[in-house]
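A structural walkthrough
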Amino acid sequence: MRMTFRWYGEDNDSVTLEQIKQIPGVEGLVWALHDRVAGEVWPLEDVLAVKEKADAHGFHLDVVESINVHEDIKLGLPSRDAYIENYKESIRNVAKVGAKVICYNFMPVFDWTRTDLFKEMEDGSTALFYEKSKVDSMDPQELIKQTTGSAFTMPGWEPERLKDIERSLEAYKGMSEEELWNNLQYFLEQVLPVAEQHDMKLAIHPDDPPWSVFGLPRIITSEANVERLLSLSDSPSHNITLCSGSLGANPENDIPRIIRRFHDRIPFAHIRNVKIYENGDFIETSHRSKDGSIDIADVVRAYHENGFTGYVRPDHGRHIWNEDCRPGYGLYDRALGIMHLWGLWDAYDRVEKGGC
Ligand code: DNO
């Protein structure tokens with residue numbers, strides 16, 4: 001298990017590289033050019049500038065999250081080919097600074113979706129919350145107003161990305177899941193050969209939450225669909241980012257089981273817990289198994305027993321100790337998450353070696 005930490009860059013993050021350096025066992029930054037919109041080439045000089053900062057603190061840049069996929073690719077429009085060419089160029093450019101894994105997603109219009117970014121919990125901390133009935137009945141424009149506009153926006157919900165929201169929602173009207181699968185396959189057929197040339201693993205992120213929102217199709221939602229996804233190509237570059245909290249928001253998805261089945265196609269793992277309520281709402285809790293609905297101890301065991309050597313990052317954390325930070329991406333709770341993951345990992349190591 002190789003520990004990493006998501007960092008948004010000096011201008012976009014409240015967490016500094018000096019702080020990340022002091023979290024035990026973090027070896028690399030999970031990074032992106034956050035000012036580039038989907039479809040643009042990531043210029044080599046910008047990529048090199050990130051490398052310089054990472055080098056100064058002794059971090060690697062093996063994992064990129066995310067190079068976002070332009071909507072025209074997901075929609076299967078004729079204009080997709082030009083955007084796919086740009087994507088290939090970005091793969092080549094990030095390979096030049098040693099990137100080995102690119103996380104991306106294929107969710108139409110919206111990336112991850114929540115209704116409340118700072119929902120107060122009993123202990124006074126706040127966390128990201130999803131209220132199912134609200135999303136089911138809400139106009140997406142309203143949700144955008146509520147969840148953007150603070151000092152920090154959620155990744156994937158940047159104002160420039162959401163500018164053309166009406167047009168995008170209209171364009172997807174009537175699109176079936178099968179069409180989305182076809183468009184994903186087309187994209188993969190184009191980009192996988194380039195990824196292979198650079199020993200790059202593309203690792204799709206599951207849909208979050210793993211069901212349709214606002215009537216849009218979503219396909220990376222279940223164990224059966226992960227199986228279907230992976231069967232689209234047996235290229236070593238075709239993989240999944242296993243996000244326990246995204247898939248795990250549906251209690252029917254047994255995360256440890258999915259890991260045990262597909263671990264050799266998981267180069268990158270997001271590990272976090274969610275507490276699911278009976279009405280389908282969920283809230284992001286601290287990483288411990290006891291604190292949520294996902295058995296994080298078994299998630300880590302599933303990786304450990306398979307000798308997992310991929311990259312891991314703690315995922316969203318709560319906002320604790322009055323931290324002012326990007327929703328879900330503060331320093332404190334993610335650092336606690338890392339120590340919990342290490343604690344489990346080290347204990348499984350001891351047990352394996354017959355120690356106590
Ligand atoms: C949220 C994230 C997502 C994720 C993308 C992957 O925190 O898990 O924004 O990075 O969906 O492409």
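Quick caveat, the model's predicted, so the values are computed rather than measured. (Residues numbered from 1 in each chain as written. Predicted model: local features only at pLDDT ≥ 70, side-chain atom pairs only at ≥ 80, totals over all residues. Heavy atoms only, no water.)

1. Considering the site of the ligand
Within the structure, the ligand sits among 14 residues, and Glu65, Ser66, Asp111, His316 and Tyr329 are positioned closest to it. Note that an oxygen atom of the ligand is positioned 2.4 Å from one of the side-chain N or O atoms of Tyr329. Coverage of the ligand by the protein amounts to 99% of the 330 Å² it exposes when considered alone. In terms of residue count, the dominant contributor to the shell around the ligand is strand E4 (residues 101-105) (3 residues). For the shell around the ligand, the residue count by class is 6 nonpolar, 4 polar and 4 charged. (Near = heavy atom within 4 Å. Polar contact = N/O pair within 3.5 Å; in protein donor to acceptor, adjacent residues only side chain to side chain. Areas by Shrake-Rupley, 256 points an atom, 1.4 Å probe, with all protein chains shown as cover. Helix = DSSP H or I, 4+ residues; strand = E, 2+ residues; numbered from the N terminus. Nonpolar A, V, L, I, M, F, W, Y, C, P; charged D, E, K, R; others polar.)

2. Some points on the pattern of salt bridges
For the structure shown, the criterion picks out 30 salt bridges. Salt-bridge contacts for Arg318 lead to Asp123; the nearest nitrogen and oxygen are separated by 3.4 Å. Here Arg318 is found in the loop between strand E12 (311-314) and helix H14 (332-352), whereas its partner Asp123 is found in the loop between strand E5 (116-120) and strand E6 (126-130), with 195 residues between them in sequence. Arg318 gets classed as buried once you look at its relative accessible area, which sits at 11%. Each of Arg6, Glu65, Arg114, Asp208, Arg272, Glu284, Arg313 and Asp315 takes part in a single network of salt bridges with overlapping partners. (Salt bridge = Lys/Arg side-chain N within 4 Å of Asp/Glu carboxyl O. Buried < 20%, exposed > 50% of the residue type's maximum accessible area, 1.4 Å probe, protein only.)

3. Looking at the packing of helix H4 (residues 80-95) against helix H9 (residues 177-197)
Packing of H4 against H9 leaves a shortest axis separation of 10 Å and a crossing angle of 35°. Between H4 and H9 lies a crossing of right-handed hand. Residue-level contacts link Arg80, Asp81, Ile84, Tyr87, Lys88, Ile91 and Arg92 of H4 to Asn183, Tyr186, Phe187, Gln190, Val191, Val194 and Ala195 of H9. Looking at the contact of H4 with H9 residue by residue, the classes come out as 8 nonpolar, 2 polar and 4 charged. (Axes fitted to C-alpha atoms, helices over the stretch in contact; angles between N-to-C directions. Left-handed = near helix turned anticlockwise from the far one by under 90°. Contact = heavy atoms within 4.5 Å.)

4. With respect to helix H10 (residues 223-230)
Turning to H10, its buried residues are Glu223, Asn225, Val226, Leu229 and Leu230. Seen from one end, H10 has its buried residues packed into an arc of 160°, which puts them on one side. Contacts from the buried residues of H10 go to H9, strand E7 (201-205), strand E8 (238-243), helix H11 (244-247) and helix H12 (255-262). (Arc of directions from axis to C-beta.)

5. Structural notes on the sheet that holds strand E11 (residues 282-285)
In any sheet, the strands associate via hydrogen bonds between backbone groups, in a parallel or an antiparallel arrangement. Spatially, the 4 strands line up as an open sheet ordered E5-E6-E11-E10, and their pairing is antiparallel. For this open sheet the edge positions go to E5 and strand E10 (273-276), each flanked by a neighbour on one side alone. Averaged over neighbouring strand pairs, the angle between their axes works out to 40° when direction is ignored. In this structure, E5 lies alongside E6, joined through 3 bridges in antiparallel fashion. If you follow Glu120 over to E6, its bridge partner there is Thr126. (Pairing = 2+ DSSP bridges.)

6. Some points on the packing of aromatic side chains
Here the structure, examined in full by the defined rule, presents 12 aromatic pairs. Between Tyr87 and Phe187 the ring centres are 5.1 Å apart and the planes differ by 90°, which places this aromatic pair in the edge-to-face class. Taken as a pair, Tyr87 in helix H4 and Phe187 in helix H9 lie far apart in primary sequence, 100 residues in all. For Tyr87, a relative accessible area of 4% translates into the label buried. What makes Phe187 buried here is its relative accessible area of 0%. Pairing Tyr130 with Trp211 gives two aromatic rings, centres 5.6 Å apart and planes at 65°, and the pair type is edge-to-face. Separated by 81 residues along the polypeptide, Tyr130 in strand E6 and Trp211 in the loop between E7 and H10 bring together distant segments of the chain. Residue class for Tyr130 comes out buried when judged on its relative accessible area of 0%. If you follow Lys21 out to its NZ or CZ, it ends over the ring of Phe59, 4.6 Å from the centre. The side chain of Lys119 reaches across the aromatic face of Phe129, ending 4.5 Å from its centre. (Phe/Tyr/Trp six-rings, centres within 6.5 Å; stacked < 30°, edge-to-face > 60°. Lys NZ or Arg CZ within 6 Å of the ring centre and 35° of its normal.)

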